[in-house]
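Here's the letter readout for the chains.
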Amino acid sequence: MKLSVLIPVYNEEATLAELVERVLDVDIDKELIIVDDASTDETPRVLANLKEKHPELRTLRHGARRGKGAALRTALQAATGNCILVQDA
């Protein structure tokens, strides 16, 4: 069984790296799907750094702010796990 962890983000530069590291540390078969809902801070840079360090991360970005619900729908479309978990950033 594989768990899909969906993480919608908007302007989460201060907490995102620690959150991702903590989720990755959990010993379970999982995929992390992070959807940036057009952040205006340094969140895209933080995500790029995380993706470089952890190539298995799946990151998506909305070109314009669409809201948390839209970010979750985008992540759900990309999910391949048997179970879904939403993790707020």
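Since this is a predicted model, take the numbers as computed values, not measurements.

Each value, and the rule that gives it
- Residues numbered from 1 in each chain as written.
- Predicted model: local features only at pLDDT ≥ 70, side-chain atom pairs only at ≥ 80, totals over all residues.
- Heavy atoms only, no water.
- Pairing = 2+ DSSP bridges.
- Helix = DSSP H or I, 4+ residues; strand = E, 2+ residues; numbered from the N terminus.
- Axes fitted to C-alpha atoms, helices over the stretch in contact; angles between N-to-C directions.
- Contact = heavy atoms within 4.5 Å.
- Buried < 20%, exposed > 50% of the residue type's maximum accessible area, 1.4 Å probe, protein only.

Enquirer: Give a detailed account of the sheet that holds strand β1 (residues 3-9), specifying residues and quantitative values.
Expert: Strand order in the open sheet formed by four strands is β3-β2-β1-β4, and the pairing between neighbours is parallel. Bordering the open sheet on either side are β3 (58-61) and β4 (83-86), each of which pairs with just one other strand. Each adjacent strand pair in this sheet contributes to an overall mean axis angle of 20°, direction not counted. Here four bridges tie β1 to β4, and the two strands are oriented parallel to one another. The residue of β4 that forms the bridge with Leu6 is Val86. Packing against the sheet, helix α1 (residues 16-25) makes contact with β1 and β2 (30-36), and its axis sits at approximately 165° to β2.

Enquirer: Describe unusual backbone geometry, naming the residues involved and giving the relevant values.
Expert: Unusually for a residue other than glycine, Asn11 sits at a positive phi of about 50°. Relative to the assigned elements, Asn11 resides in the loop between β1 and α1. One non-glycine residue, Ala38, adopts positive backbone phi at about 60°. What makes Ala38 buried here is its relative accessible area of 10%.

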